[in-house]
Amino acid sequence: MINKIHSLGGYIHEYQKSIANPEAFWTQQAECFFWRKRWDKVFDWNFDEPNIQWFVNGKLNITENIFERNLYTHGNQEAIIWEPNDPNDETRTLTYSELYQEVNKFANTLKRLGVGKGDRVAIYMPMVPELAIAVLACARIGAIHSVVFAGFSANALQERINDATAKVLLTADGGFRGDKITPLKKIADEALESCPTIETVVVLKRTNSEVDMVVGRDIWWHKAIDGQSDTCPAEEMDSEDPLFILYTSGSTGKPKGIVHTTGGYMVYTAYSFSNVFQYHVDDVYFCTADIGWITGHSYIVYGPLLAGAKTLMFEGVPTWPNAGRFWDIVAKHKVNQFYTAPTAIRALLAKGNDFLEEKKLQSLKVLGTVGEPINEEAWHWYHDHVGLNRCPIVDTWWQTETGGIMISPLAGITPTKPSFATLPLPGIQPIIMNGDGKELTGNSVEGNLCIKFPWPGIARTIWNDHQRFKDTYFSTYNKMYFTGDGVKRDEDGYYRILGRVDDVINVSGHRLGTAEIENAINEHPLVNESAVVGYPHAIKGQGIYAFVVCGELSTGGEEGIRKSIMQGVTKIIGPIARPDLVQLVPGLPKTRSGKIMRRILRKVAEGDATNLGDITTLLDEDVVDKIIDGALVDV
Ligand code: ATP
Ligand code: MG
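Residues numbered from 1 in each chain as written. Chains lettered and ligands numbered in written order. Predicted model: local features only at pLDDT ≥ 70, side-chain atom pairs only at ≥ 80, totals over all residues. Heavy atoms only, no water.

So, on to the overall build of the protein chain. Within the protein chain, the regular secondary structure consists of 19 helices and 30 strands. Relative to the globule expectation of 26 Å for 635 residues, the C-alpha radius of gyration of the protein chain, 24 Å, shows essentially globular dimensions. Counting only C-alpha atoms and orienting by the principal axes, one finds that the protein chain spans roughly 70 × 60 × 50 Å. Looking at the protein chain as a whole, 63% of its 635 residues are labelled buried. Across the protein chain, every contact between residues at least 6 apart in sequence was considered, and the portion connecting residues at least 24 apart equals 71%. Taken as a whole, the protein chain presents about 23100 Å² of accessible surface, with 48% of it coming from carbon and sulfur. Where the 62 positive side-chain charges of the protein chain centre and where its 78 negative ones centre are 2 Å apart. (Helix = DSSP H or I, 4+ residues; strand = E, 2+ residues; numbered from the N terminus. Rg over C-alpha atoms; globule rule 2.2 N^0.38 Å. Buried < 20%, exposed > 50% of the residue type's maximum accessible area, 1.4 Å probe, protein only. Contact = heavy atoms within 4.5 Å. Areas by Shrake-Rupley, 256 points an atom, 1.4 Å probe, with all protein chains shown as cover. Lys, Arg positive; Asp, Glu negative; His and termini not counted. Charge placed at Lys NZ, Arg CZ, Asp CG, Glu CD.)

Structure follows, in structure tokens:
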């Protein structure tokens, strides 16, 4: 069992304990797990090199903590409930015992293919149970998995395989997404034209698409596992042995190969999962992320399975066959905890309330959000119409680099406030810094969000580039982890994420967070989504340029909407935040994880679209062309 907090008083008590004596606090959490050899020291760290170690010299295998540790009590309970893309196809469930056998079988398969401890395995697969099986099979034998989201292009895949020098690639013939099929094997073949380290490709049959199999390199999944034993002893791992590499979403530039290790990541994901979502035995938990992102790693696979939870995996998209798909799944499986992203919430909000039927949503107890700041309109819609005014929303702030949730309400325990991530989890010590390297103490302050003490889930390095790790996170401020995000601590000590520090706009000496202005714009009844950036302005230093997506145009036409948006912002925040330019656009440039890529918009607003930087993680290049065509400055 993982230690759980049950009340606000309990939270405050645990938090204080975790700060006063982190060794004792984390010892207590780690003791909930099965270690082959206990650690010698709880942590050892410096943020200069940086060098961070948790549960030093502890020996374990994370899958032993999912399976062997849970099998006696949970063997026949569902581990994974899988919902296919097509609602007419059958759900698949795997109990803990069944998943254990499948993982062992595939672990033995990998061994037979010559994969051993420390080898990298690239995974480019659709959201099917075999993806989770593959991830866990790697962990079973100590191979380092590097999951690449199956929406990425051949180039992006190639770059990631080569950076990690992976030995084996796991993929599928294709992947279903709504009414489309992504030809994964074809894309992989293109990527592999220049991936010298790949020796074997294992191909899962999913869409029955026609594929070319390269003799001597490619093997079908079902043939590869045929005859493999379903027992496989777990490899003994050191706490600090890498568990996986995962590339960041690339919102701000070239993706970084973030490395997470075994012991600390295990303790942190399980602890944060159980406490933030307040998971109870027999609950059904549904996170809509893809396993290709950190949210899927920590909160579809590792966190829930370590906690012995029932985790629901969905193959498809929220809007196919219609915008009621999520709610149908909630109804069908009686989902209790539902975790998604603001981008999905805004997209569904724009479709109206016809798809929401109260009777389908009765099982919900907790709603969660992650990935971007959630604007108030979306928060209220989520709260009132999805949560039927009774489910707490956990707005979880964290990053690929943090491994797990850092600042968030504990469901039903921490009083919430729309668009606030509220308070840090036990063990997390946020600190707000200004541009001059000074700490901003007390409440009602805003600045740059840093963390001043390590926690078990923190990334240890960037694969092959420790210098970049140091430069990006540990060089801006002395002896601190710098998150890159701007934050405000309000009069109650609650944290609100203001967006990326690079995106903060400085208008006549006033610092304005993009999230705050977008929040005000989105209040406009015709606006679905917006993104604001700064651009050079002769008088004010920076002007505010807003890119706005509207559902429909009202009678006043474009000009009327522009004006009323500007007036709305003036009313909500003040004249200082009033956008100088409002461009109506058909869509926003987004990463494949659904985040707005403001750096591209900044280029457009600056009148320079010649060098847009790394756009391999961009979802739709057409949108960018259309935005450039309609730009209100000379591009
Ligand atoms: P890259 O680092 O490659 O630019 P990325 O930062 O988008 O990509 P992730 O690690 O997936 O990659 O995202 C973490 C970021 O997402 C945070 O730094 C923050 O800006 C944003 N974020 C995540 N959750 C929240 C939240 N609840 N509220 C506000 N912002 C959030
Ligand atoms: Mg980032």
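Turning next to the sheet that holds strand β25 (residues 495-500). The antiparallel open sheet is built from four strands, whose spatial order is β21-β22-β24-β25. Across the chains shown, the open sheet's two edge strands, defined by having one partner strand only, are β21 (430-433) and β25. In this sheet, neighbouring strand axes are inclined to one another by 45 degrees on average, regardless of whether the strands run parallel or antiparallel. One ladder, built from five bridges, connects strand β24 (residues 481-489) with β25; its direction is antiparallel. Directly across from Arg-489, in β25, lies its bridge partner Tyr-495. (Pairing = 2+ DSSP bridges. Axes fitted to C-alpha atoms, helices over the stretch in contact; angles between N-to-C directions.)

Here the focus is the packing of helix α2 (residues 22-30) against helix α10 (residues 263-277). It is the contact of α2 with α10, at a shortest axis distance of 10 Å, that shows an interaxial angle of 85 degrees. Between α2 and α10, the angle falls in the class roughly perpendicular. The segment α2 lies against α10, with Phe-25, Trp-26, Gln-29 and Ala-30 engaging Val-267, Tyr-268 and Tyr-271. A per-class count over the contact of α2 with α10 returns six nonpolar, one polar and no charged. (Parallel < 35°, antiparallel > 145°, perpendicular 65-115°, else oblique. Nonpolar A, V, L, I, M, F, W, Y, C, P; charged D, E, K, R; others polar.)

If you look at the biggest cluster of nonpolar residues, it comprises 147 residues, and the most contacted ones within it are Leu-99, Phe-106, Ile-123, Leu-170, Phe-277 and Tyr-302. Per-element accounting of this core gives the leading share, ten residues, to helix α6 (residues 129-141). Once residues lying within four places of it in the same chain are set aside, the contact partners of Leu-99 are Phe-67, Ala-79, Ile-80, Leu-94, Ile-133, Leu-136 and Leu-305. (Core = buried A, V, L, I, M, F, W, Y, C linked by side-chain atoms within 4.5 Å.)

Evaluation of the coordinates by the stated rule reveals 48 aromatic pairs. Geometrically, the ring pair formed by Trp-45 and Phe-453 is edge-to-face, given 5.1 Å between the ring centres and 65 degrees between the ring planes. With a gap of 408 residues between them, Trp-45 in strand β1 (residues 41-46) and Phe-453 in the loop between β22 (445-451) and β23 (461-462) connect regions that are remote in the sequence. According to the relative accessible area criterion, Phe-453 is buried, its value standing at 16%. Centre to centre, the rings of Phe-244 and Tyr-302 are 6.5 Å apart; their planes meet at 10 degrees, and the pair counts as stacked. (Phe/Tyr/Trp six-rings, centres within 6.5 Å; stacked < 30°, edge-to-face > 60°.)

Here we come to the packing of helix α7 (residues 154-164) against helix α8 (residues 184-192). Close contact between α7 and α8 brings their axes to 8 Å; oriented N to C, the two are set at 55 degrees. As judged from the angle between their axes, α7 and α8 are oblique. Here the hand of the crossing between α7 and α8 comes out right-handed. Note on element contacts: α8 touches α7 through Ile-187, Ala-188, Glu-190, Ala-191 and Leu-192, opposite Ala-154, Leu-157, Gln-158 and Ile-161. (Left-handed = near helix turned anticlockwise from the far one by under 90°.)

Further remarks concern the sheet that holds strand β12 (residues 218-220). Spatially, the eight strands line up as an open sheet ordered β12-β11-β8-β6-β7-β14-β15-β23, and their pairing is mixed. Single-partner strands in this sheet number two, and they are β12 and β23. As paired strands, strand β14 (residues 242-247) and strand β15 (residues 257-261) are joined by five bridges and run antiparallel to one another. Bridge pairing links Leu-246 to Ile-258 in β15.

To continue, consider the domain arrangement of the protein chain. Taken domain by domain, the protein chain comprises domain 1 (8-487) and domain 2 (508-630). The centre of domain 1, based on its C-alpha atoms, is set 31 Å off from the matching centre of domain 2. The partner domain 2 presents 20 residues to the 27 residues of domain 1 that form the contact. Interface of domain 1 and domain 2: buried area, both sides summed, is about 1900 Å²; carbon and sulfur atoms make up 45% of it. (Domains from an automatic or database assignment. Buried area = accessible area lost by both parts, 1.4 Å probe.)

Its place among the elements puts Ala-411 in the loop between β20 (393-395) and β21. In this structure Ala-411 touches Asn-275, Val-276, Phe-277, Gln-278, Val-366, Pro-392 and Val-394, once residues within four positions along its chain are discounted.

Now for the site of ligand 1. Of all residues adjacent to ligand 1, which total 21 residues, the nearest are Thr-248, Ser-251, Thr-252, Thr-400 and Lys-595. Between a nitrogen atom of ligand 1 and a main-chain N or O atom of Gly-371, the distance comes to 3.0 Å. One of the backbone N or O atoms of Thr-396 is found 2.8 Å from a nitrogen atom in ligand 1. (Near = heavy atom within 4 Å. Polar contact = N/O pair within 3.5 Å; in protein donor to acceptor, adjacent residues only side chain to side chain.)

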